[in-house]
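Overview (structure and organization)
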Amino acid sequence: MFEKVLIANRGEIALRIHRACREMGIHTVAVHSTADEDAMHVRLADESVCIGPPPSKDSYLNMPAILSAATITGADAIHPGVGFLSENADFATMVAEHGLTFIGPDPVHLRSMGDKVTAKRTMRELGVPVVPGSEGAIDTDEEAWRVAEKIGYPVLIKAAAGGGGRGMKVAVNRAAMGDALRLARNEARNAFGYEAVYLEKYLGHPRHIEIQVLADAHGNVVHLGDRDCSLQRRHQKMLEEGPSPALNPDQRAEIGRRAAEATRAMGYKGVGTFEFLYEDGQFYFIEMNTRLQVEHPVTEAITGVDLVREQIRAAAGLPLAMSQGDVVIQGHAIECRINAENPRTFVPSPGKVTDYHAPGGLSVRVDSGLYAGYRIPPYYDSLIAKLIVHGQTRNECLMRLRRALEEFVVEGVETTIPLHRKLIAEPEFIDGAYDIHWLQRYVDAMTED
Ligand code: ADP
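These lines cover the structure that appears in this document, whether it is placed above or below.

By the definition in use, this model includes 36 salt bridges. With a closest N to O distance of 2.8 Å, Arg227 and Glu210 form a salt bridge. Note that Arg227 is positioned in strand β10 (residues 221–233) and Glu210 in strand β9 (residues 207–215), a separation of 17 residues in sequence. Its relative accessible area of 0% is what places Glu210 among the buried residues. When salt bridges that share partners are traced, they join Glu210, Arg227, Lys237, Glu240, Glu275, Glu295 and Arg337 into one network.

In structure tokens form, the structure reads like this:
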């Protein structure tokens with residue numbers, strides 16, 4: 001097992017990884033920008049190294065600085081966390097070239113799943129159901145028309161390098177295609193430096209349901225149930241729950257089995273997530289995330305498996321601590337992502353947290369680096385806390401979540417806590433009868449009031 005792990009990330013996820021390391025007896029090295037000197041992940045780590053000025057490109061994305069920090073502190077592995085360099089195949093390769101272990105899958109898988117066109121082709125070949133669409137990237141309007149005529153309008157144009165919902169445009173008919181293609185390409189080029197786009201059937205009322213898998217380097221794979229992440233604003237997840245209220249145990253077992261089989265066939269190792277859209281009883285693969293997910297605690301709550309611990313063990317070459325028969329889905333869990341944003345306009349609200357009180361009690365978990373007096377820097381993602389609540393039933397989980405959100409105090413900055421309080425009282429949410437467009441409509445209606 002590793003003796004020292006460098007955590008190449010910040011915020012709640014850096015803290016999450018630190019906690020797993022601590023429980024495994026592994027020393028931690030935090031890295032931070034000059035804006036994060038007072039951050040909790042820096043305070044709790046055994047050692048810390050400043051890797052650059054505030055902008056991410058100069059610090060948390062600064063590969064030479066991170067590799068130097070790992071070398072001078074004598075770390076033997078690097079955990080990339082979520083976002084930043086977590087899906088960067090070049091970085092994973094450089095980590096290995098420095099004689100260190102990248103805690104994640106092999107670069108070949110980061111690369112193939114990072115290109116969504118290749119990912120979809122791979123899954124199609126492995127018998128995973130995918131969204132109907134183009135076989136590969138689309139170069140001309142004529143090509144796009146041909147595919148669209150075959151699958152039917154409306155269609156969605158997506159960036160092959162996609163992420164964060166950027167580079168996605170809907171074309172409702174043939175006339176709209178040209179503009180949609182150009183806009184998607186521009187957005188893709190600006191966001192990812194790679195303008196290839198592909199085409200998919202636009203689904204009118206799907207849910208977003210994803211399957212968590214876990215694999216070691218010896219061909220053992222388990223699936224750990226599903227998470228429903230349909231509550232999204234601008235294609236960004238806001239609240240996740242598991243198991244999905246839309247699936248029955250047989251459907252869950254079947255899609256889980258297919259994801260696990262594909263994982264095994266690819267020779268993939270570590271944690272991974274198969275993202276699907278689910279509509280009218282059908283699953284459609286959209287992408288595989290080759291890293292830990294922000295919403296991983298939902299799975300931890302309903303399975304009792306420490307995903308970060310298992311991820312670190314897999315990277316160290318140890319066999320999985322469980323087989324599929326050991327995985328039992330127990331009860332229900334919901335995660336609320338809490339952002340430092342105005343809860344109506346979603347304008348970021350960085351600044352000093354003057355008062356902070358996190359909820360507690362049975363089956364309530366808060367992952368956050370906040371404390372009273374902490375100054376939220378304006379340079380990074382506005383996620384400041386995750387509240388994860390577990391219950392024996394979905395109803396119990398909801399009651400507990402309501403209570404926990406009432407207790408949650410963050411003063412000095414605006415947060416999305418009030419929005420979560422409102423949201424979970426909505427009849428459609430309580431009934432579990434929502435699709436991926438529901439929250440956007442809800443938020444739009446609220447903003448118009
Ligand atoms: P990204 O990698 O940019 O996050 P995804 O492919 O994961 O992009 O899609 C993000 C979200 O966009 C999905 O969760 C879903 O809400 C919506 N979406 C993606 N593909 C489709 C589709 N074919 N039809 C309708 N909505 C879609």
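There's more to say after this.
Helix α6 (residues 116–125) packs onto helix α5 (residues 107–114) with a crossing angle of 100° between their chain directions and a minimal axis gap of 5 Å. When the interaxial angle is binned, α5 and α6 end up roughly perpendicular. Contact with α5, carried on its side by Ser112, Met113 and Gly114, involves Lys116, Thr118, Ala119, Thr122 and Met123 of α6 and no other residues of that element. Here the residues of the contact of α5 with α6 are counted per class, giving three nonpolar, four polar and one charged.

Around the ligand sit 21 residues, and of these Gly165, Lys201, His208, Gln232 and Glu287 come closest. Contact distances for the ligand include 2.9 Å between an oxygen atom and a side-chain N or O atom of Lys116. One of the backbone nitrogen or oxygen atoms of Gly165 is found 2.6 Å away from an oxygen atom of the ligand. For the ligand, the accessible surface in isolation is 550 Å², of which the surrounding protein chains cover 96%. Elements supplying a minimum of two residues to the shell around the ligand: β6 (155–159), β8 (197–201), β12 (270–279) and β13 (282–289). Each of domain 2 (132–201) and domain 3 (207–448) contributes no fewer than three residues to the shell around the ligand.

Rules used throughout
Residues numbered from 1 in each chain as written. Predicted model: local features only at pLDDT ≥ 70, side-chain atom pairs only at ≥ 80, totals over all residues. Heavy atoms only, no water. Salt bridge = Lys/Arg side-chain N within 4 Å of Asp/Glu carboxyl O. Helix = DSSP H or I, 4+ residues; strand = E, 2+ residues; numbered from the N terminus. Buried < 20%, exposed > 50% of the residue type's maximum accessible area, 1.4 Å probe, protein only. Axes fitted to C-alpha atoms, helices over the stretch in contact; angles between N-to-C directions. Parallel < 35°, antiparallel > 145°, perpendicular 65-115°, else oblique. Contact = heavy atoms within 4.5 Å. Nonpolar A, V, L, I, M, F, W, Y, C, P; charged D, E, K, R; others polar. Near = heavy atom within 4 Å. Polar contact = N/O pair within 3.5 Å; in protein donor to acceptor, adjacent residues only side chain to side chain. Areas by Shrake-Rupley, 256 points an atom, 1.4 Å probe, with all protein chains shown as cover. Domains from an automatic or database assignment.

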